[in-house]
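# Chains, contacts and geometry: an overview
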Amino acid sequence: MSKKILLQHINVPGINTLETYVSHGGYQSLKKAFSMTPDEVTEEVKKSGLRGRGGAGFPTGMKWSFLDKKTDKPRYLVCNADESEPGTFKDRYLMQNIPHALIEGMIVSSYALGAKTSYIYVRGEMMHVIRILEAAIKDAYRAGYLGNNILGSNYSLDLFVHPGGGAYICGEETALLESLEGNRGNPRNKPPFPAVWGLYGCPTVVNNVETISDVPWIINNGGDAYASIGIGKSTGTKLISACGNINRPGVYEIELGLSVEEFIYSDQYCGGIPNGKKLKAVVAGGSSVPILPADLILKTANGDPRLMSYESLSDGGFVSGTMLGSGGFIVYDEDQCIVRNLWNFSRFYHHESCGQCSPCREGTGWMEKVLHRIENGHGKMSDIDLLVDVAKKIEGKTICPLGEAAAWPVASAIRHFRAEFEEHIKNPDSCCKKHLHSEHALIH
Amino acid sequence: MDKLKITIDNRTIEVPPGTTILQAARMIGENYPPAMCYYTPLKETGGKCRVCLVKVTQSSEANPRPMPKLVASCLTKVENGMVVENETSTEVLEARKGVVEFLLINHPLDCPICDQAGECDLQNLSYKHGTEATRYEEGRREFEKIDIGDNIQLHMTRCILCYRCVYTADQITNSRVHGVLNRGDAAEIGTYIKNAINNDFSGNVIDVCPVGALTDKKYRFSQRVWFSKPFYAHRNCDKCGGEAVVWIKNNDIIRVTSRKDKFGEVIKFICNECRFDHKNMNDWSIENVYELDNDSVINANKYKHVEESPAVNVDAKFVSE
């Protein structure tokens, strides 16, 4: 059994309530953190090697140290709970089952950053989570963990939950801040980064739910203890939301460094592929990361076993690697159609593009339309190179990473499964007809 | 403060701190990046169209680490010792070609019936940076024309979502009733509930619009722009100062617009009264010919000389040969 940090008490009945959470060691980190200076808390997080769990994997302690502390302006901590990446559902699971883990993390992190007001920006569709968090925050206020002079420490914090308007783009940190300010959720041009010019023009740190929830454990047990878990620069544990063609879909907390093969086939985790089918491909970190075929996800191009870590998954760059991303682990068996899956992803990015900058606004729609045509048996051979070229012309030219998120799946699917696209075009009846008789065809 | 040194396409210039790469390139004056959304007189514009992308090969002397990266030149501030490639980089030209293609895939290309043709930034841009043919064969986005008052016609199908008209309404007029609705390629400029855009300076949205999405209802379909001659003119106006450009054909003023600099940016915004209500020659004191020296279809060797006009006795010369 590997180390559990976030989901250690997940099976304790009533862990969603304040009393049970406290009786299982909850809110212990507050006293310890308040006995340290804010800089010491930041230093401890730096030592832990904790990296952003939202997808980019940026070292959290370093992000905190970039916060502009010279200005007189107030500072803010904003928790990004706008989890809407297809395949990712770890934050929702954590918030609805152990809401106080996030609240405790918010208090300690806000203290480290000197924030007097903090926000949790929750995806608008997750109304039930918003209600759970609001109730939990009320309890925390009542118990004196929030509000004025928390536990007699002279530190005061107000914590607010803010429902999003239902846009994937608001998971991008600057679009999130715009949305929080009450504006249209368009990403901002960077620089300036939020650490200098964030919410209401004040220095702001935006962190993922899982990242913030990891902080109390780090304070309780020390940064070095956290750094000893995991492998190399991928320290600690990670929540992985596994779905697709596996026997046991769900959210798993793994120690970083677990082998992908074990994760897919071990009964402790995904439990293998149902009906004795073969593994075809895996999207390892949410829909935005490159898809990898079975041979490359189990072993790197050098033949080393692929591990669940930031470094191992990105081994080989985009030619033969992928990314850990947000931990949305989607498994495809041999019967799944890559073209259809890619069209579905492209449809999502087309729908979610904010429309602010031209390459993403026009390019995502273009890719979706071409893929729709191929999937429905009207493709041409030249369409494949067209898709590659359009993806290339979006990547790196946009304001925010949504452009890349839309381009990478297209580029990687064609890189690894070009033959399948060609088969769709040459022989539309063979594959597409099968789909026309399947239940999915009803979508059209 | 000390001036900052920047090298763009092997030409070096010193600029004051706070200058953007685009402004520095414009100071050099040749081969500056195009801009479809950035607009100097309006704050916060820029960064959206991505045609001004340039490649920064070195960010500063203090940090000479090469960072070959495409950045939006309209928003990126110059750092000392910065080295930038614009038209010398094939990567930049490729990216720009890509952006032009993206801007055109949903554009109706109805230039033959568009009032903006001849003075359209998108037209000029695609002549310079676009490809001859399109690879796009899917259906194009279409919108119904939206009526936004007596003076202005909004034709969203042509819009490239530069947001300039939104910033104009925010910063030049005293009330904004239009904005961007919806998202992605369904995003549109609109007033949400059918609302007329009507205040003293609303007409300026026509001038800032880089394409034919916002056109002058009182001028629409009356004339191709290149058949009328622009003259600097002024009148006494206590709202805007009355410094404008009048477009004359057969001794009649057929249109009034604001004055623009060589980068196509409005120098001084004018009021609706000057723009829409004073079309009589007696209303205006005509000055000299309005020289168009930016790349434009209007001045693309079309006019070597101007026919003598009895009403205006000026030495008219459009294009220096």
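The preceding data block contains the structure.
Residues numbered from 1 in each chain as written. Chains lettered and ligands numbered in written order. Predicted model: local features only at pLDDT ≥ 70, side-chain atom pairs only at ≥ 80, totals over all residues. Heavy atoms only, no water.

## Concerning the packing of helix α5 (residues 90-97) of chain A against helix α7 (residues 127-142) of chain A
Residues and elements named next belong to chain A. Applied cut-off: An axis is simply a line fitted to the C-alpha atoms; with a helix, the fit covers only the stretch in contact. Between two such axes, the angle follows the N-to-C directions and lies from 0 to 180 degrees. The helix and strand labels rest on DSSP assignments: H or I over at least four residues marks a helix, E over at least two residues marks a strand, and numbering proceeds from the N terminus. Throughout, the term roughly parallel applies to angles under 35 degrees, roughly antiparallel to angles over 145, roughly perpendicular to angles from 65 to 115, and oblique to all others. Less than a right angle of anticlockwise turn of the near helix away from the far helix marks a crossing as left-handed, whereas a clockwise turn marks it as right-handed. The contact rule is simple, with two residues in contact once any of their heavy atoms fall within 4.5 Å.
Where α5 contacts α7, the two axes come as close as 9 Å, and the packing angle between them is 40°. One element, α5, and the other, α7, form an angle in the oblique class. As α5 runs across α7, the sense of the crossing is left-handed. Two secondary-structure elements touch here, α5 through Arg92, Met95 and Gln96 and α7 through His128, Val129, Ile132 and Leu133.

## As for the packing of aromatic side chains
Residue and element names in this part refer to chain A. Keep this limit in mind: Any Phe, Tyr or Trp ring, taking Trp's six-membered ring, that has another such ring centre within 6.5 Å forms a pair; planes under 30 degrees apart are called stacked, those over 60 apart edge-to-face, and the others tilted. Burial classes: relative accessible area under 20% of the type maximum marks a residue as buried, over 50% as exposed, and values in between as partly exposed (1.4 Å probe, protein chains only). In this scheme, Lys NZ or Arg CZ marks a charge over a ring once it lies within 6 Å of the ring centre and within 35 degrees of the ring normal.
On inspection of all chains with the given rule, the structure shows 24 aromatic pairs over all chains. Residues Tyr21 and Tyr27 carry aromatic rings whose centres are separated by 5.5 Å and whose planes lie at 85° to one another, so their mutual orientation is edge-to-face. Classification of Tyr27 by relative accessible area gives buried; the value is 2%. With centroids separated by 5.0 Å and ring planes inclined at 75°, the aromatic side chains of Phe34 and Tyr111 adopt a geometry described as edge-to-face. Placement of Phe34 in helix α2 (residues 28-34) and of Tyr111 in helix α6 (residues 99-113) is noted, with a sequence separation of 77 residues between them. As far as the burial class goes, Phe34 and Tyr111 line up, both buried. Ring-pair connections join several aromatic residues into one group, and the members of that group are Tyr76, Tyr119, Phe160 and Tyr200. Cation over ring: Arg347 sits above Trp343, and NZ or CZ is 4.8 Å from the ring centre.

## Here we look at the sheet that holds strand β13 (residues 252-257) of chain B
Residue and element names in this part refer to chain B. To keep it simple, the criterion reads: Think of it this way: DSSP has to see at least two bridges between two strands before they count as a pair.
An order of β13-β12-β11-β16 is seen for the 4 strands of this open sheet, with the pairing classed as antiparallel. Each having just a single partner strand, β13 and β16 (285-289) make up the two edges of the open sheet. Averaged over all pairs of adjacent strands, the angle between their axes in this sheet comes to 40°, without regard to strand direction. Inspection of the sheet shows strand β11 (residues 229-234) paired to β16 by 3 bridges, in the antiparallel sense. The residue of β16 that forms the bridge with His234 is Ser285.

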